[in-house]
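The residues making up each chain are set out below.
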Amino acid sequence: MSVVENSKIDRILAVDDTRDNLILVQTILESEGYEIDLVADGTTALQHVQQSPPDLILLDVMMPGIDGYEVTRRIRNNPAISYIPILLITAFHESSVVEGLDAGADDFIRKPFDTDELLARVRSLLRLKHSVDEQKKMARQREDFVSRLTHDLRTPLVAADRMLDLFQQETFCKISPEMKQAIAVMIRSNQNLMQMVNTLLEVYRFEAGKKTLNWESCNLPEIIQEVVSELTPLASEKNLTLKIDTSELEPKADAGVMMGDALEIRRVFNNLIGNAIKFTDTGGVKIRISEKSANQNKDWITITVEDTGYGIAPEDQGGIFERFRQGRNKRSGSGLGLHLSSRIVEGHGGKIAVASELGQGTVFTIELPKNG
C-alpha cells in the first residue's frame, strides 16, 4: 500500500538507541512507501526535528541521556516547532504509557509490536497530521483573504469620507440644515466603519506576524492625557467625569516613561477609555498610573481604567480578549478592539487583565515594562 498524499511522500523519524530496532522499523515502513530517517539518541533527534521537521516521530521511551519522555516534552514546549504526531514505543507497563501521554505523545505501541498494528497506528497519526496541516493552511488562506479585502475596503471608505466632507462644507452647492444633519450621520457611520476596518487590518497584521512595532520613548501620562482630551466631549455628553490620577508617580523626569510604540499604545488607551465611556451611563471613568519595581530589577508601569458602568458577566470575562468575542450588552461592537489591545500589550512584553462585577463597573489593568 503506497503512502503518498497530494504527491508528497510522508517522512518519518525513528528514534531508538538499538540499531536492530531501527533497521526493523525502517524495513517495515520503507516497504509501505514511507521515507525514513534514523536517529540513535534524544539529543540528535531534537536537532533533527528543528532542522528538518518530519511528518511523524516514532520514539523509543528508554534511551541513555535524554529519554523519550523528555524528548516529547521538549518538542511540545517549543513554540517554534509545528505540530508533529509522536508515537511512543515502549516495553513497559501502563504507568509508562500514562507518563508518555501526559508528556504530549499522541499514541503508543508496546514491544514486541505487530507489524499490522504498527502500520495502522502510523496511518492513523499521519491522517491526523494531514488534517491539522490542512486546517492551518485554510486558516492562513482565510486570514490572507480577509487582510487583502480589508486593505482594499479602505480606499472607497476614504473616498466616501472626503466626498461627504465636501458636501457638508457646501463645496458644490447650498444644502438645507436637514440635509447637513443627514450627511453628519453618514459621516459618523462611515468613520465607524473605517475604524472597524482599520482595527481588523491591524489584527490580521499581528496574526500574520507582519506587524512591526516602532520603538521610541513614550510618555504614558502625556499619551493618556491626549486621549482623555479627545474623548472628553463624549463623556460630557453623558455627564460623566473623566479623570487621570498620577498621584502615585514619583516626581522625576522619567516617571511614566517607557520604551514602546507610541501610536499602538495610544490605540490601546483610546479603545479602553472609549469603551469605558460607552458602557457607563452614570458616574465616571478614572485612569490611574503608577510604577513599581519587580524581580530582577525590572521596572513596570501599571495603568488601570476604572468605570462605574454596567459591568461584565463572569461567564464573559474569561474570553473577553479573544478575537470576535462580543459581549452581551447591546452596545457591544465587533469584538476586535479588546483583542487588538491585548495583542499590542503582549507585543510590548506586558499583561492586560479585567476585573468586573455586574452593576458595579469594570477595571482593566495594564502592566507594561519600562524598558521593553
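Use the structure listed above.
Definitions and limits used
- Residues numbered from 1 in each chain as written.
- Predicted model: local features only at pLDDT ≥ 70, side-chain atom pairs only at ≥ 80, totals over all residues.
- Heavy atoms only, no water.
- Helix = DSSP H or I, 4+ residues; strand = E, 2+ residues; numbered from the N terminus.
- Rg over C-alpha atoms; globule rule 2.2 N^0.38 Å.
- Buried < 20%, exposed > 50% of the residue type's maximum accessible area, 1.4 Å probe, protein only.
- Contact = heavy atoms within 4.5 Å.
- Areas by Shrake-Rupley, 256 points an atom, 1.4 Å probe, with all protein chains shown as cover.
- Axes fitted to C-alpha atoms, helices over the stretch in contact; angles between N-to-C directions.
- Left-handed = near helix turned anticlockwise from the far one by under 90°.
- Nonpolar A, V, L, I, M, F, W, Y, C, P; charged D, E, K, R; others polar.
- Salt bridge = Lys/Arg side-chain N within 4 Å of Asp/Glu carboxyl O.

How should I be thinking about the overall build of the chain in this particular structure?
In terms of helices and strands, the chain carries ten helices and 14 strands. Taking 2.2 N^0.38 as the reference for a compact globule, 372 residues should give roughly 21 Å; the C-alpha atoms of the chain span a radius of gyration of 28 Å, well beyond that estimate. Overall, the C-alpha framework of the chain stretches about 90 × 55 × 40 Å when taken along its three principal axes. The 372 residues of the chain split such that 42% are buried. Long-range pairs, those at least 24 residues apart, make up 68% of the contacts in the chain with a sequence separation of at least 6. Approximately 20400 Å² of the chain is accessible, and the part contributed by carbon and sulfur atoms is 51%.

Help me out: how do you make sense of the packing of helix α8 (residues 262-278) against helix α10 (residues 337-347) in this one?
When two helices pack together, their arrangement is given by the angle between their axes and by how far apart the axes lie. The geometry of α8 relative to α10 is characterised by a closest axis approach of 9 Å and an angle of 145 degrees between their N-to-C directions. Crossing handedness for the pair α8 and α10: left-handed. Of α10, the residues touching α8 (which contributes Glu-264, Ile-265, Arg-267, Val-268, Asn-271, Leu-272 and Asn-275) are Gly-337, Leu-338, Leu-340, Ser-341, Ile-344 and Val-345. Taken together, the residues of the contact of α8 with α10 sort by class into seven nonpolar, four polar and two charged.

Which parts of the structure should I look at to understand the pattern of salt bridges?
Pairing is possible between side chains that carry opposite charge, provided their charged atoms lie close to one another. Under the criterion given, the structure shown has 21 salt bridges. The salt bridge involving Asp-106 is made with Arg-76; its shortest N-O contact spans 2.8 Å. Of this pair, Asp-106 sits in the loop between α4 (94-103) and β7 (107-110) while Arg-76 sits in helix α3 (residues 68-76), and the two are 30 residues apart along the sequence. Relative accessible area serves as the criterion here: at 29%, Asp-106 is assigned to the partly exposed category. Taking relative accessible area as the criterion, Arg-76 reaches 27% and is therefore assigned partly exposed. Where Glu-170 meets Lys-180, a salt bridge forms, and the shortest distance between an N and an O atom there is 3.7 Å.

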